Amino acid sequence: MPHLVDYHCHLDLLPDPQRAFADASASGIEMLSVTTTPLAWPRNREFAAGSRNVRIGLGFHPQLVGEKVADIAAFERFAPEARYIGEVGLDAGPRYYRQFADQQRLFQRVLEICANSGPKILSIHSVRAARQVLDLLERYLPASAGTAVMHWFTGSAAEARRAVAFGCFFSINPRMALSKSGASVLREIPLNRLLTESDAPFAEANRGTPSRPGEVQRALDWIAQEKKILPDRARQFIDGNLWALEKRSC
Ligand code: MN
């Protein structure tokens, strides 16, 4: 059986992170557990030590940039030992727009650090800011510095095309199936650039129920439906894409 792939979840934000990492490891699901602050890196490194299937990302979430800009020093210190970077990016939603200029400066710095210590695989947040994220990626992330994986992408079809042309992968969240633009975005992404994700615990599986790590079957079903292939075939593609991505970014 091809592996299931959950390429964006937050194991360290679950109620019992140690247990969450142990369960994730035992599940055999290929996972990327991202972090939201670089200060969480040492602890996550310990949680994931020895796991064959759980990767961890060094992150700096755009929603936290506001009062934490100085933590970029910690990000820079840990970057050389991190193969995966995330969650990073930009958020122009109404709650975070005030800090948008700071976010852009910080994301640029993150990309410069990656370019100096790459290649990396980056899991990218781009809420209402796909254009600005792509502007910065195109300018500051040369191909030798790594590959960007757009997480829960909600940009337009044209922006999806631009990201595909730049070489991005996309981790597909089942919630994208509910948005109007979701299907038109998915149509623009070739099968060989697709991954799946749960964004656990943030994407609600059902109303009020947090998504669980590894919960990617609905994303697979949606991809299969839109791409007119069987779910097992989608699973096979995504497992293959994971290894292709990791091979080319090392
Ligand atoms: Mn997330």
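Residues numbered from 1 in each chain as written. Predicted model: local features only at pLDDT ≥ 70, side-chain atom pairs only at ≥ 80, totals over all residues. Heavy atoms only, no water.

Quick notes on the nonpolar core
Consideration 1: Ranked by size, the top nonpolar core spans 79 residues in total, and within it Tyr 7, Leu 137 and Ile 172 carry the most contacts.
Consideration 2: Ranked by residues supplied to this core, first place goes to helix 5 (residues 100-117) with seven residues. (Core = buried A, V, L, I, M, F, W, Y, C linked by side-chain atoms within 4.5 Å. Buried < 20%, exposed > 50% of the residue type's maximum accessible area, 1.4 Å probe, protein only. Helix = DSSP H or I, 4+ residues; strand = E, 2+ residues; numbered from the N terminus.)

Examining the pairing of strand 5 (residues 120-127)
Consideration 1: In terms of burial, strand 5 is largely enclosed, as seven of its eight residues are buried.
Consideration 2: Direction of pairing for strand 4 (residues 84-91) relative to strand 5: parallel, over a ladder of six bridges. When the bridges of strand 5 are listed, Gly 89 appears paired with His 125.
Consideration 3: For the handedness criterion, the β-α-β arrangement of strand 4, helix 5 and strand 5 is classed as right-handed.
Consideration 4: Sheet analysis places strand 5 next to strand 6 (residues 146-151), joined by five bridges and oriented parallel. Looking at strand 6, one finds that Ser 123 is bridged to Val 149. (Pairing = 2+ DSSP bridges. Right-handed = clockwise from strand over helix to strand, strands pointing away.)

Focus on the coordination of the manganese ion
Consideration 1: Distances from the manganese ion to its protein donors, His 8 (NE2), His 10 (NE2), Glu 87 (OE) and Asp 199 (OD), fall at 2.3 to 2.4 Å.
Consideration 2: Counting gaps between the donor residues of the manganese ion yields the pattern H-x1-H-x76-E-x111-D. With His 10 in the loop between strand 1 (5-9) and helix 1 (17-27) and Glu 87 in strand 4, this residue pair connects regions lying 77 residues apart in the sequence. Neither residue differs from the other here; His 10 and Glu 87 are each classed as buried. (Donors = N, O, S within 2.8 Å, 3.2 Å for Na, K, Ca; no water.)

A short note on the environment of Ala 163
Consideration 1: Take Ala 163: it is sitting in helix 7 (residues 157-166).
Consideration 2: Distance from Ala 163 to Arg 128, taken between C-alpha atoms, is 15 Å for residues 35 residues apart in sequence.
Consideration 3: Beyond its immediate sequence surroundings of up to four residues, Ala 163 is in contact with Leu 134, Cys 168 and Phe 170. (Contact = heavy atoms within 4.5 Å.)

Some thoughts on the sheet that holds strand 5
Consideration 1: Strand order in the open sheet made by the eight strands is 1-2-3-4-5-6-7-8, with parallel pairing throughout. Of all strands in the sheet, those bounded by a partner on one side alone are strand 1 and strand 8 (194-196). Between one strand axis and the next, the sheet turns through 30° on average, direction left out of account.
Consideration 2: Looking at chain direction, strand 3 (residues 54-58) and strand 4 are connected through two bridges and run parallel. For Leu 58, the partnering residue across the bridge sits in strand 4 and is Ile 85.
Consideration 3: Strand contacts of helix 1: strand 2 (30-33) and strand 3, with the helix running at about 130° to strand 3, the strand carrying the most contacts. (Axes fitted to C-alpha atoms, helices over the stretch in contact; angles between N-to-C directions.)

Everything listed is a geometric property; what it means functionally is a separate question.
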